[in-house]
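So you can see what is in the structure, the chains are spelled out below.
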Amino acid sequence: MVFSILLVVISSSQSKNKAYQHKEINKLSDHQAFNQSEAAQKAQEDLDAHVRHVINCHFDPKKGTPFWLEYAKKIGFDPRDKVFGYQDLKLLGHFEDEWLRGGPIRRWVPKSMANLPTYVFETGGSTGLPKSRISIRDFQIDYEMFSEYLSAETFPLGSDWLMLGPSGPRRLRLAVEHLAQIRGGVCFLVDLDPRWVGKLVKQGKHQEFEAYRDHVIHQALQLLKAHENISCLFTTPKLLEALCEKISLNKVGVTGIFCGGTEMNAQFNRFAREELVPGIDFVPTYGNTLMGLAYSKAFDPADEYSITYYPPQPRAVIELVEPDNPDHVVDYDQTGRVMLTTLTEEFFMPRFLERDEAERARPTSDFPWDGVRDLRLFSELQESVSVGVY
């Protein structure tokens, strides 16, 4: 079964992988601009249709999600009668993170999926009590889609992976393992509790923090030395830097790294490409438990190491809004707070104000919808959020 999926991935995406990894974005001709406008219109139509489908899934009295059915009673109307596209989601207000803190967790499981095996994933808890999200297949679907954008040359099919990141109740741990499996490999894991790291940082226990970090890196070194087939790596900026102080990833055969975390910025992007892992395919990513995984624009020296991400629309949509007026989207190249909408048959989260900010980026030929550039912690939250190992 795994290799059947693998063959589909190879046949459907090999040429797309190569173009995505190496294509330079040139100035559009008039014909290209027309095609891009047409693609953007088609993407909007697809998004609106997807919104209608997801609304029907979660607000159907017989098959819908208990939380949203109860919410419909509170707002006094059936969203199926009024929400016909993405812009209509304003009628539902903003999703509140407190709704995901505590139980009962089954109120988030759609009735149509009540008898399916269900996972519960938690956020890191950097802004308070961890939020919990149910998942059935979403985390696998998200990473199957992401797999299509990885180069088969630098993330070789059949190679093994090292997941140097958080373990425990994290979506990321199972998602990276699934990514390795659908590409024909196995995934080796370390034992890492980012909440403990966060506590050490907050308490100023720097020696204990460094000792725990060294313990995690030691696990990674053991795995890299014992398993020669590891060619692919997921990790965070801080852990990648710590790992590279101990070993040359080029020499042990790592050819592809995808890396995500709070400190993934232009400065680290340059540092990684020029000093830490030169010659290794370095793919920045932006993702979280509530959204899934966003794709980064292909590296272009003209961008001066700035990183632009595009959400996996229509399954997730990101808008950048004015912090004091979240109903107003900022102009292109202006700074705004991230407003995330997640739209899957399993999980519906409309217009959630995230802890991040960025500059609004224009659509591209690969992604005919808005992106976010130079993502970072929302300025008003920087002092209250513990970054830890990210």
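The numbers attached to residues start from 1 for each chain and follow its sequence in the written order. The predicted nature of this model means local features are confined to residues of pLDDT at least 70 and side-chain atom pairs, given and counted, to a pLDDT of 80 or more, with totals for whole chains, interfaces and linings taken over all residues. Side-chain descriptors were evaluated using all non-hydrogen atoms of the structure, hydrogens and water having been removed beforehand.

**Q** Just checking my understanding: could you explain the packing of aromatic side chains for this structure?
**A** By convention here, two paired aromatic rings are described through the distance between centres and the angle between planes. Here is the rule: rings of Phe, Tyr and Trp (six-membered ring for Trp) pair when centre to centre is within 6.5 Å. Planes less than 30 degrees apart are stacked, more than 60 are edge-to-face, and the remainder are tilted. All told, the structure shown has 34 aromatic pairs when counted by the stated rule. Ring plane angle 85 degrees and centroid distance 6.3 Å describe the contact between Trp 68 and Trp 99, whose orientation is recorded as edge-to-face. With a gap of 31 residues between them, Trp 68 in helix H3 (residues 66–75) and Trp 99 in the loop between H3 and strand E1 (119–122) connect regions that are remote in the sequence. Three labels apply to residues, based on accessible area from a 1.4 Å probe with only protein chains included: buried if under 20% of the type maximum, exposed if over 50%, partly exposed otherwise in between. Judged by relative accessible area, Trp 99 falls into the buried class, the value being 17%. For helices the rule is a DSSP run of H or I covering at least 4 residues; for strands it is a run of E covering at least 2, with both sets numbered from the N terminus onward.

**Q** Looking at this structure, I do not really get the nonpolar core. What am I missing?
**A** Nonpolar side chains in soluble globular proteins tend to end up buried together. Of all hydrophobic cores here, the largest spans 77 residues; its most connected members are Leu 162, Leu 164, Leu 240, Leu 243, Leu 249, Ile 257 and Val 277. Residue contacts are defined here by distance: any two heavy atoms, one from each residue, within 4.5 Å place the two residues in contact. Excluding anything up to four places from it in sequence, Val 277 contacts Leu 240, Cys 244, Leu 249, Asn 250, Ile 257, Ala 272 and Phe 282. In this structure, Ala 43, Phe 146, Leu 150 and Cys 232 belong to the second largest nonpolar core, which totals 26 residues. What makes a nonpolar core is a set of buried Ala, Val, Leu, Ile, Met, Phe, Trp, Tyr and Cys residues whose side-chain atoms join them at distances within 4.5 Å.

**Q** Explain the sheet that holds strand E3 (residues 160–164) to me, please; I cannot follow it from the model alone.
**A** Pairing within the open sheet is mixed, and its 12 strands lie in the order E4-E3-E5-E6-E7-E8-E9-E14-E13-E12-E10-E11. If you trace the sheet from one side to the other, it starts and ends with strand E4 (187–189) and strand E11 (325–329), each paired once. Averaged over neighbouring strand pairs, the angle between their axes works out to 45 degrees when direction is ignored. To define axes, lines are fitted to C-alpha atoms, for helices over the stretch in contact only, and angles between the resulting N-to-C directions are given on a 0 to 180 degree scale. Taken strand by strand, helix H7 (residues 206–226) contacts E3, E4 and strand E5 (230–235), and its axis lies near 175 degrees from that of E3. For two strands to count as paired, DSSP must find a minimum of two bridges between them.

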